[in-house]
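# Overview (structure and organization)
As a plain string of letters, each chain reads:
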Amino acid sequence: RGTLATWDGMEKAGEWHKLRKEVDLHRDRFRGVAIVDERTAALESVLTSDDGRLLVEADRLLAEGSCGPALKVLAAADSESVRMLKSRATAAMEEVVRSLEALDKEGRWQSLKEALSKIRPKLSGIQVFEDQARAWEASFATPAGRALINSEKLLVQGDLGGAAKALASAEDRAAEPL
């Protein structure tokens, strides 16, 4: 009964990939117990359906932090479970963007640039993210942006004097008319 309750909780929470693994793990262990056999058969029919395979794959991608690919997998489907996974993916993407925006507000452009390059494949295909990423990259390419990136890089290396000079340069360049 504890295993069935766990499976029910996973199904309600939309943890399809984890549920798939749990069913596979415990199927043989409880074989012959009628209530488990019935529940396993019902879950198998759901998980092996076209929508079920999409849910398992999208949930796996979400567990890896790949919101963009997960949303791409779910694009053609529409059900309550799909909407729930899309909502989770969107919330995860928004959380990542907030953390990137925090780096931007702190002026940590080198860290932002590195984080952006690492996270981009996981959020690819999400238009809101792509637009913001292009805006950041355009800022990185400006003389002031390059100076800010260099300043942070020098600061992390412990070269406080060099970082201060680079930061002063960034301020001078930001004040120049375009």
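Residues numbered from 1 in each chain as written. Predicted model: local features only at pLDDT ≥ 70, side-chain atom pairs only at ≥ 80, totals over all residues. Heavy atoms only, no water.

## Looking at the nonpolar core
Grouped together as the largest cluster of nonpolar side chains are 36 residues, with contacts concentrated most on Leu-19, Leu-100 and Phe-129. If you list the elements that add at least two residues to this core, you get α1 (2-13), α2 (16-26), α3 (34-47), α4 (50-63), α5 (67-74), α6 (80-105), α7 (109-123) and α8 (127-140). Element by element, the count of residues in this core is highest for α6, at seven residues. Look past the residues within four positions of Phe-129 in its chain and what remains in contact with it is Met-93, Val-97, Leu-100, Leu-116, Ile-119, Arg-120 and Leu-123. (Core = buried A, V, L, I, M, F, W, Y, C linked by side-chain atoms within 4.5 Å. Buried < 20%, exposed > 50% of the residue type's maximum accessible area, 1.4 Å probe, protein only. Helix = DSSP H or I, 4+ residues; strand = E, 2+ residues; numbered from the N terminus. Contact = heavy atoms within 4.5 Å.)

## Some details on the packing of α7 against helix α9 (residues 143-156)
With their axes 7 Å apart at the nearest point, α7 and α9 run at an angle of 95° to one another. The pairing of α7 with α9 is recorded here as roughly perpendicular in orientation. In this structure, α7 contributes Trp-109, Gln-110, Ser-111 and Lys-113 to the contact, and α9 contributes Gly-145, Leu-148, Ile-149, Glu-152 and Lys-153. Here the residues of the contact of α7 with α9 sort into three nonpolar, three polar and three charged. (Axes fitted to C-alpha atoms, helices over the stretch in contact; angles between N-to-C directions. Parallel < 35°, antiparallel > 145°, perpendicular 65-115°, else oblique. Nonpolar A, V, L, I, M, F, W, Y, C, P; charged D, E, K, R; others polar.)

## What about the packing of α2 against α3?
Contact geometry for α2 and α3: axes closest at 11 Å, N-to-C directions at 135°. Between α2 and α3, the interaxial angle falls into the category oblique. For α2 against α3, the interelement crossing comes out left-handed. Contact residues: Trp-16, Leu-19, Arg-20, Val-23 and Asp-24 in α2; Thr-40, Leu-43, Glu-44, Val-46 and Leu-47 in α3. Looking at the contact of α2 with α3 residue by residue, the class counts come to six nonpolar, one polar and three charged. (Left-handed = near helix turned anticlockwise from the far one by under 90°.)

## Digging into the side chain of Ser-151
Examined against the element boundaries, Ser-151 turns out to sit in helix α9. Residue classification places Ser-151 among the buried residues on the basis of a relative accessible area of 8%. Apart from the residues within four sequence positions on either side, Ser-151 is in contact with Ala-163, Ala-166 and Leu-167.

## Some details on the pattern of salt bridges
As enumerated under the stated definition, the model contains 16 salt bridges in all. Of the charged contacts, one joins Arg-20 and Asp-24 as a salt bridge, the two residues approaching to 2.7 Å between their closest N and O atoms. Here Arg-20 and its partner Asp-24 are both found in helix α2, four residues apart, which amounts to about one turn of the helix. A relative accessible area of 15% places Arg-20 in the buried class. Assessed through its relative accessible area of 39%, Asp-24 is described here as partly exposed. Salt-bridge contacts for Arg-83 lead to Glu-80; the nearest nitrogen and oxygen are separated by 3.3 Å. You can see Arg-83 and its partner Glu-80 sitting in helix α6, three residues apart, about one turn around the helix. (Salt bridge = Lys/Arg side-chain N within 4 Å of Asp/Glu carboxyl O.)

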